Amino acid sequence: MSELEAKIEKSLINQLTSGISQWTHRPDIKTDVQLWANFRDKLNKNNLGVLNGVEITDGEMQQIKDYMLENSSTSYKAALWLAGEHGISQIPLVREDASLGQINLMALNNREIAGGRSSYEVINQFLPETGERERRFDVSLLINGIPLIHIELKNPDHPYMDAFRQIQNYCREGQFRSLFGFVQMFVVSNEAETRYIAANTTGEMGEKFLTRWVDEDNQTVNSCLEFAKAALNIPMAHLMIGRYSVIDETNKRQVLLRPYQIHAISKIREASKENKSGYVWHTTGSGKTLTSYTVTKNLLDIPSIDKAIFLIDRRDLDKQTSDSFQSYAHNDDVDVDKTESTKDLENKLCNKEKTAIVTTIQKMQNIIRKCSAKNLSEPIAKLKKQLQSKRLAFVIDECHRTVSPQTKRELGNFFGSFEHPCLWYGFTGTPIFAPVFSHVNSSPTLVNA
């Protein structure tokens, strides 16, 4: 490493460990043995109750290693494990002391971001053990002891693409193994220009997917330090891995959202906390399906919301949209409703599971008509009461034409109340500036995407 690169690396670590970032620098972690020892320490500290006062033994640690190595054999398998069940990644462990039985260790909780048991550490100049040539990784970010983001640096005399090609070479040499097989995001920079990309530890990453960061005002963030400040602070780095990524089951890969998609989701999260509704104005080719899917999924993190409903006109429920949602939802708590049964939708709305449902406006209207008839039978009256007890958030595809003002009022009056109104978030490429949504609680949240 040149003197100038060493200086850039030092400045980056200073940025990550100061101010709002608050990563902890761990200069003592340089080898695979030290990395595993740190991970073991995190498991012991984060699972005190489950371990019943008996820390992980050497034999048990070998079980854990074998399990982790199996789950990091490909980037796709690593992403699946990291997504976990309901956002929690666990490790099954058979205790050496038979009286302690079998337990599940919490390794990573994507619902405990910047809090709970989550720890955030930065290491540098790590020496991977694989390969014939000695390699050194510049800067890596660990969450709960697991390397999830890796940053490769070059000095300004080199293009940032040199750093990208270097990562590709490391991948092809098999350097990203062991716990480094779980890396989900690569960052490359020559200090002046910076890009990020979803990790594939085989090196099969197209340079067209390298993404630059832009701020909420659509201003480009180029420098390494400014990128770290905007995208690698805590909690943003954990959010990038835990909430702003989607597993594409069809293509067996992980997708990291682009900045404008992240800003749209963030605005909706802010609005939802204040009981405000609004719409997202997107352009053709902006990745609306992925954005709207992630918005729907993330609304479930709001404690007061029971169900998030992605509402589509049946004319728009084409095979591409449906297949995309099915692929993204395969490993999430999202139920893509493709059946023709309104009864099935009723059951999904009434159950106690906190899930997202993709359905058509026509099915919702069928339910309202059924429950709004005169002289309701006892079963239908009971169904109506159950349905109206649910707090719903609606995400509307093509909102400028999918939901008319009258239909929106019908849905809002049936499922919402003055004290607990429904939340509405529309997606449109053709906004009507006196929108259907504007009279709900406040003016709409407008996000250019």
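Residues numbered from 1 in each chain as written. Predicted model: local features only at pLDDT ≥ 70, side-chain atom pairs only at ≥ 80, totals over all residues. Heavy atoms only, no water.

Chemist: Can you break down the overall build of the protein chain residue by residue, with the values?
Modeler: Regarding its fold elements, the protein chain presents 16 helices and 19 strands. Relative to a compact globule of 449 residues, whose C-alpha radius of gyration would be 22 Å, the protein chain shows 24 Å and is just as compact. Principal-axis analysis of the C-alpha atoms places the extent of the protein chain at approximately 80 × 60 × 40 Å. Across the 449 residues that make up the protein chain, the buried fraction comes to 55%. Of the roughly 20,000 Å² of accessible surface on the protein chain, a fraction of 48% belongs to carbon and sulfur atoms. (Helix = DSSP H or I, 4+ residues; strand = E, 2+ residues; numbered from the N terminus. Rg over C-alpha atoms; globule rule 2.2 N^0.38 Å. Buried < 20%, exposed > 50% of the residue type's maximum accessible area, 1.4 Å probe, protein only. Areas by Shrake-Rupley, 256 points an atom, 1.4 Å probe, with all protein chains shown as cover.)

Chemist: Lay out the sheet that holds strand E8 (residues 194-198) in plain terms, naming residues and giving numbers.
Modeler: The six strands lie next to each other as E1-E4-E5-E6-E7-E8, forming an open sheet whose pairing is mixed. Both outer strands of the open sheet, strand E1 (24-25) and E8, are each paired with one neighbouring strand and no more. In terms of strand pairing, strand E5 (residues 137-143) meets strand E6 (residues 146-153) through five bridges, oriented antiparallel. The partner of Ile143 across the bridge, within E6, is Ile146. Each of E1, strand E4 (120-126), E5 and E6 is contacted by helix H1 (residues 3-16), which is oriented at about 15 degrees to E5, the strand it contacts most. (Pairing = 2+ DSSP bridges. Contact = heavy atoms within 4.5 Å. Axes fitted to C-alpha atoms, helices over the stretch in contact; angles between N-to-C directions.)

Chemist: Summarise the nonpolar core; cite the residues concerned and give the values.
Modeler: Phe39, Ile64, Met68, Met185 and Leu299 are the most contacted members of the largest nonpolar core, which totals 106 residues. In terms of residue count, the dominant contributor to this core is helix H6 (residues 160-172) (seven residues). Ignoring any residue separated from it by four or fewer positions in sequence, one finds Met185 in contact with Leu148, Ile149, His150, Tyr196, Ile197, Ala199, Phe227, Leu232, Met240, Ile241 and Leu256. Core analysis: the next-biggest nonpolar cluster, separate from the first, contains 25 residues, Leu345, Ile361, Met364 and Cys371 among them. (Core = buried A, V, L, I, M, F, W, Y, C linked by side-chain atoms within 4.5 Å.)

Chemist: I'd like a rundown of the packing of aromatic side chains, residues and numbers included.
Modeler: The final tally for this structure, using the stated rule, is 17 aromatic pairs. Aromatic side chains Phe137 and Phe180 sit 4.9 Å apart centroid to centroid with 65 degrees between the ring planes, which places their arrangement in the edge-to-face category. You can see Phe137 sitting in strand E5 and its partner Phe180 sitting in the loop between H6 and strand E7 (185-189), a full 43 residues away along the chain. According to the relative accessible area criterion, Phe137 is buried, its value standing at 1%. By way of ring pairs, the aromatic residues Phe126, Phe137, Tyr170, Phe176, Phe180 and Phe186 are connected into one cluster. Lying across the ring of Phe209, Arg253 places its NZ or CZ 6.0 Å from the centre. (Phe/Tyr/Trp six-rings, centres within 6.5 Å; stacked < 30°, edge-to-face > 60°. Lys NZ or Arg CZ within 6 Å of the ring centre and 35° of its normal.)

Chemist: Account for the packing of helix H2 (residues 32-46) against helix H4 (residues 58-71), naming residues and giving values.
Modeler: Where H2 contacts H4, the two axes come as close as 12 Å, and the packing angle between them is 105 degrees. It follows that H2 is roughly perpendicular to H4 by the angle criterion. Listed contacts from H4 to Trp36, Phe39, Arg40 and Leu43 of H2 are Asp58, Met61, Ile64, Lys65, Met68 and Leu69. Its residues assigned to classes, the contact of H2 with H4 shows seven nonpolar, no polar and three charged. (Parallel < 35°, antiparallel > 145°, perpendicular 65-115°, else oblique. Nonpolar A, V, L, I, M, F, W, Y, C, P; charged D, E, K, R; others polar.)

Chemist: I'd like a rundown of the packing of H4 against helix H5 (residues 75-83), residues and numbers included.
Modeler: Two elements in contact, H4 and H5, have axes whose closest approach is 7 Å; the angle formed by their N-to-C orientations is 120 degrees. As far as their axial angle goes, H5 and H4 are oblique. Facing H4, whose interface residues are Tyr67, Met68, Glu70 and Asn71, H5 presents Lys77, Ala78 and Trp81. Residues that form the contact of H4 with H5 fall into these classes: four nonpolar, one polar and two charged.

Chemist: Which residues make up the side chain of Ser272, and what are the values?
Modeler: With respect to the helices, strands and loops of the structure, Ser272 is situated in helix H9 (residues 259-273). Within the structure, Ser272 has its side chain in polar contact with the backbone oxygen of Arg269 (distance 2.7 Å). (Polar contact = N/O pair within 3.5 Å; in protein donor to acceptor, adjacent residues only side chain to side chain.)

Chemist: Tell me about H1, residues and numbers included.
Modeler: Helix length check: H1, at 14 residues, gives a terminal C-alpha distance of 20 Å against a target of 20 Å (1.5 Å per residue), a fit within 8%. If you check which residues of H1 are buried, you get Glu5, Ile8, Glu9, Leu12, Ile13, Gln15 and Leu16. For H1, the angular spread of the buried residues around the axis is 160 degrees, confining them to a single face. Set apart from the buried face of H1 by more than 90 degrees, the exposed residues are Glu3, Lys7 and Lys10. Contacts made by the buried residues of H1 are with E1, E4, E5, E6 and helix H7 (224-231). (Expected span 1.5 Å × (residues − 1). Arc of directions from axis to C-beta.)

Chemist: How would you sum up helix H12 (residues 342-350)? Please name residues and give values.
Modeler: Listed as buried for H12 are Thr342, Leu345, Glu346, Lys348, Leu349 and Cys350. The N-terminus of H12 is capped by Ser341, whose side-chain oxygen sits 3.3 Å from the backbone nitrogen of Lys343.

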